[in-house]
Amino acid sequence: LGVFLICTYAAKEATKKTKKAKLYVPQIDCDVKAGKIINPEFIAKCPPGCQDVKYRVYGTDIYASFSSVCNAAIHSGIIDNTGGKILVQKVAGHSGYRGSFSNGVRSLSLPRWRESFLVSEGKPRKGVTYPSTLEYSSSKSTTVKSGNDHVNVPTGDAVRKEYQTSPVPTPATQMATTTPTPTTMMTDPSTTTPKPTITPATTRTTTVAAAAKTRAGLHRVRDIAFRGTSTSASNRNILRPNTGIQRQEPVAAFWRATSSPAHLAVETDSWKPGLSLFDTGFSSKEELNPKPLESISQGNPNCKVDLSFLMDGSWSIGKRRFQLQKQFLGNMAQALGVSSTGPLMGIVQYGNDPSTEFNLKTYTNSKDLRNAIEKIPQKGGLSNVGKALSFVNKNFFSDANGNRGGAPNVVVVMVDGWPTDRVEEASRLARESGINIFFVTIEAAAESEKQNVMEPNFVDKAVCRTNGFYAINVPSWFSLHKVVQPLVKRVCDTDRLVCSKTCLNSADIGFVIDGSSSVGTSNFRTVLQFVANISKEFEISDTDTRIGAVQYTYEQRLEFSFDKYSTKQDVLSAIKRISYWSGGTSTGAAISYASEQLFSKSKPNKRKIMILITDGRSYDDVRVPAMAAHQNGVIAYSIGVAWAAQDELEAIATDPDKEHSFFVDEFDNLYHFVNQLIQNICTEFNSQPRN
């Protein structure tokens, strides 16, 4: 009996110890994807430091199994960057994984994936037994040549391991011949991830990424869903340094599943370099079969523009997107039909600082230009668009760099997300220099990200007009090729390139000069010098600013009309030849005469500017003629000398009077107002609504 009691007591104690035994929670690494773990439900412990740009996440609340488990847990708010226990449940795949920014992690959207998972607090559910060791799937063995190295990736239905990481490929790719045709036998997605079974088939050629060198003791396995894609593992996920926002790159080649509709999967061997299935709003069929690019200009002088692309070389863009950007620029060069008689194109790459890759005269045909674009290396750094615009304004459009003068200057800014500096002031100065600024913004800030943007509405602050013509927003880098033709049509539409019109090249300026007896011969020559000093500040030609002149006393005389002279030198010579008339002062009649003989013949697209110089009170009324001129769109500036009447000067001048009327006590002091007058003309021009 004693022995029996002792044994019973020992058994109870053992049972208590067994009940008190804690569940062993396996630890996983930050880079482990849910799809690589076979267990349908498990509890795991994430280490510290998983909130990193390297660990991609796809979806919100429900995540694609290609996501990092631990970073998804941080995104959902279950744990923070210090790590902790999480509960993971596999569920069926679905369409439309929504990207978002949450808890410092930027998740991306995904059109569809074969399996999903949920993540919650790491507490066991009643009646569920959780494994103490996780099972991992592995890919079929493939031998890949990389230089002289041969890397073997082992096969197996499942391998037990504590962690795994993704391979780090070399940039080069090579063609490898394999004999098996992979097909996927789908099992219940709520319990396990699909595993490949291999059936013999005819030999096919596939593109594979060059594998990285293996490290001792570290087993690296490529995720099966990405095998066969030469670029999938070469993407860089870079932290945007000033915002903490990461941009991640979904690139995949789908395997056809026997249980899934044909339109939801595309075989890996039909993937083409430069294209992606992750094109928001477009089907994979459209992506894989883009329409051939058409060169709409072929050197057509109707598309004679001098064009600079500001290329985003920042780290946030990543290697894959940078390559897509280069393909886009090459397609633009082809579609434009670059030539010396048509459009010319140069490229400036920006990051922390901008630099010219090549200027307007470096390449004068599309073929050479495309080859040069393909060789451009990525700079890295921030996205300092404002600094790049200042650089282009000061350095790019010069005669030495191939600027042709008569061709409109156009800048197309490519930007991933948003700039890391301010663009408004740099853009304003560029516009005032006659540069037409277009923005192509790719993957712009979502609502939850806008608080990270340094300068809200930066595009509207930068472009020439805020009517939508100068701004193109592209939802995904993988749909960028679809805007080639629309952008070509816009930059070639020279009639709408309104920023080519500056305060110095878009006016008809009529001088109305007092030749009355009170002026005198010597002072009249001083007035003519004042007129010449103003005129030479403008860009004068038959298509730019034009100059005309009227002299008046009691009567009026047309000295020369707007269409008389088309060069600056001819205009200055004509001003010098004006002879002093002498007589009375009928300023009102002179305004009416100038309106009829000069401004009624002004071109519709020109700003009509009248500059009247007088030294005394008029013998007739000036108010009615001035009001009529204002109503006909004439911008009037009045300059009074000596005995000129202030009330008449203000009546002649366009409102506000203080910015359009000036008074000087002596003729010799007229030169003081040359710069002020030019500045006021330009300020008024640049304050026009940009819509």
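Let us look at the structure shown here. (Residues numbered from 1 in each chain as written. Predicted model: local features only at pLDDT ≥ 70, side-chain atom pairs only at ≥ 80, totals over all residues. Heavy atoms only, no water.)

## Considerations on the state of the cysteines
Rules: The disulfide criterion used throughout: a pair of cysteine sulfur atoms within 2.5 Å. Put simply, DSSP marks the helices as runs of H or I at least four residues long and the strands as runs of E at least two long, and each gets a number from the N terminus on. Residue burial is assigned from relative accessible area. The probe radius is 1.4 Å, only protein chains are included, and a residue is buried under 20% of its type maximum, exposed over 50%, and partly exposed in between.
As enumerated under the stated definition, the model contains four disulfides in all. With a sulfur-sulfur separation of 2.0 Å, cysteine 30 is cross-linked through a disulfide to cysteine 50. Across the S-S bond linking cysteine 30 and cysteine 50, the dihedral sits near -80°, which makes this disulfide left-handed. Remark: cysteine 50 occurs in the loop between strand S1 (41–46) and strand S2 (59–60) and cysteine 30 occurs in the loop between helix H1 (2–20) and S1; sequence separation between them is 20 residues. Summarising the burial analysis for this pair, cysteine 30 and cysteine 50 share the class buried. A sulfur-sulfur separation of 1.9 Å characterises the disulfide bridge that pairs cysteine 303 with cysteine 492. Between cysteine 303 and cysteine 492, the disulfide has an S-S torsion of -55° and is therefore left-handed. Of the two residues, cysteine 303 sits in the loop between helix H3 (284–288) and strand S18 (306–312) while cysteine 492 sits in helix H9 (residues 484–492), which places them 189 residues apart along the sequence. For cysteine 303, a relative accessible area of 3% corresponds to the buried category.

## Considering the packing of aromatic side chains
Stated precisely, the cut-off is as follows: Note on aromatic pairs: the rings of Phe, Tyr and Trp (six-membered ring only in Trp) are paired at centre separations within 6.5 Å, and the planes decide the class, stacked below 30 degrees, edge-to-face beyond 60, tilted for the rest. Put simply, a charge is over a ring when the Lys NZ or the Arg CZ is close to the ring centre, within 6 Å, and near the line of the ring normal, within 35 degrees.
Applying the stated criterion across every chain, the model contains 14 aromatic pairs. With centroids separated by 4.6 Å and ring planes inclined at 40°, the aromatic side chains of phenylalanine 438 and tyrosine 470 adopt a geometry described as tilted. Of this pair, phenylalanine 438 sits in strand S22 (residues 435–442) while tyrosine 470 is found in the loop between helix H8 (458–462) and strand S23 (471–474), placing the two residues 32 residues apart along the sequence. Among the residues examined, tyrosine 470 registers a relative accessible area of 1% and is labelled buried. For the pair phenylalanine 469 and tyrosine 470, a centre-to-centre distance of 5.1 Å together with 85° between the ring planes defines the contact as edge-to-face. Pair check on accessibility: phenylalanine 469 and tyrosine 470 agree, each one buried. Connected via pairs of aromatic rings, a cluster forms that spans Tyr58, Phe66 and Trp113. Just above the ring of tryptophan 581 sits the side chain of arginine 557; from NZ or CZ to the centre is 4.7 Å.

## Description of the sheet that holds strand S9 (residues 115–121)
Filter applied, for reference: For two strands to be treated as a pair, DSSP must find at least two bridges joining them. Note on definitions: a residue-residue contact is assigned when non-hydrogen atoms from the two residues lie within 4.5 Å. Between N-to-C directions, angles span 0 to 180 degrees; the directions come from axes that are lines fitted to C-alpha atoms, helices contributing only their stretch in contact.
Taken in spatial order, the five strands line up as S1-S4-S9-S3-S2 in an open sheet, and their pairing is antiparallel. The two strands at the open ends of the sheet, each matched to only one other strand, are S1 and S2. Judged from the six bridges that link them, S1 and strand S4 (residues 84–92) form a sheet pairing that is antiparallel. Across the sheet, the residue bridging to lysine 45 is lysine 85, located in S4. Seen against the sheet, helix H2 (residues 69–76) touches S1, S2, strand S3 (62–64), S4 and S9 and runs at an angle of roughly 60° to S9.

## Comments concerning the packing of helix H10 (residues 521–535) against helix H11 (residues 568–576)
Geometry of a packed helix pair, given as the angle between the helix axes and the separation of the axes. How we decide: What sets the label is the angle itself: under 35 degrees gives roughly parallel, over 145 gives roughly antiparallel, 65 to 115 gives roughly perpendicular, and the rest give oblique. Residue classes follow a fixed rule: Ala, Val, Leu, Ile, Met, Phe, Trp, Tyr, Cys and Pro count as nonpolar, while Asp, Glu, Lys and Arg count as charged, and any other residue, Gly among them, counts as polar.
Running from amino to carboxyl end, H10 crosses H11 at an angle of 170°, the nearest separation of the two axes being 9 Å. On the basis of the axis angle, H10 is roughly antiparallel to H11. Here Arg525, Leu528, Val531, Ala532 and Ser535 of H10 come into contact with H11, specifically with Leu572, Ile575 and Lys576. For the contact of H10 with H11, the per-class residue count stands at five nonpolar, one polar and two charged.

## A short note on the sheet that holds S22
One open sheet holds the six strands; their spatial order is S20-S19-S18-S21-S22-S23, and the pairing between them is mixed. Lying at the two open borders of the sheet, with one neighbouring strand each, are strand S20 (355–358) and S23. Adjacent strand axes in the sheet meet at a mean angle of 20° when their direction is disregarded. Both strand S19 (residues 344–350) and S20 contribute to a ladder of three bridges, which runs antiparallel. If you follow isoleucine 347 over to S20, its bridge partner there is phenylalanine 358. Relative to S19, helix H6 (residues 385–396) is tilted by about 140°, and along the sheet it contacts S18, S19, S20, strand S21 (409–416) and S22.

## Thoughts on the pairing of S22
Selection rule: Seen with its strands pointing away from the viewer, a crossover is right-handed if its path from the first strand over the helix to the second goes clockwise.
The element S22 is largely enclosed, with a buried count of eight among its eight residues. Because side chains alternate across S22, one face comprises the buried residues Ile435, Ile437, Phe439 and Thr441, and the other comprises Asn436, Phe438, Val440 and Ile442, equally buried. With eight bridges joining them, S21 and S22 adopt parallel strand pairing. Looking at S22, one finds that valine 412 is bridged to phenylalanine 438. In terms of handedness, the path from S21 via helix H7 (residues 424–432) over to S22 forms a crossover that is right-handed. The pairing of S22 with S23 spans four bridges and is parallel. Paired with isoleucine 442 across the two strands is valine 474, which belongs to S23.

## Focus: the packing of helix H4 (residues 318–336) against H9
Counted only if it meets this: The handedness criterion is simple: a crossing whose near helix is rotated anticlockwise from the far helix by less than a right angle is left-handed, and one whose near helix is rotated clockwise is right-handed.
Where H4 meets H9, the closest approach of the two axes is 10 Å, and the angle between their N-to-C directions is 55°. With respect to H9, the axis of H4 lies oblique. Handedness of the H4/H9 crossing: right-handed. Side by side, H4 and H9 meet where Phe328, Asn331, Met332, Ala335 and Leu336 of the first sit next to Val484, Gln485, Leu487, Val488, Val491 and Cys492 of the second. For the contact of H4 with H9, the residue count by class is nine nonpolar, two polar and no charged.

## Overview of H4
Every α-helix carries 3.6 residues per turn, so stepping three or four residues along brings you back to the same face. Here is the rule we go by: Between the first and last residue of a helix there are one fewer steps than residues, each counted as 1.5 Å, and that sum is the expected span.
Taking 1.5 Å of rise per residue, the 19 residues of H4 would be expected to cover 27 Å, and the 27 Å separating its terminal C-alpha atoms lies within 8% of that figure. Judged by how many residues are buried, H4 sits mostly within the fold: 15 of 19 residues are covered. Two residues or fewer past H4, glycine 337 is found with a positive phi of approximately 70°.

## Things to note about the side chain of threonine 654
Note the cut-off: Whenever a nitrogen or oxygen atom comes within 3.5 Å of another N or O atom, the pair is scored as a polar contact, on the condition that within protein one atom can donate a hydrogen and the other can accept it, and that pairs from neighbouring residues in sequence are kept only if both atoms are in side chains.
Relative to the helices and strands, threonine 654 resides in the loop between helix H14 (646–652) and helix H15 (657–660). A polar side-chain atom of threonine 654 sits 2.8 Å from the main-chain amide nitrogen of alanine 636. Leaving out residues up to four positions away in the same chain, threonine 654 has contacts with His630, Val634, Ile635, Ala636 and His660.

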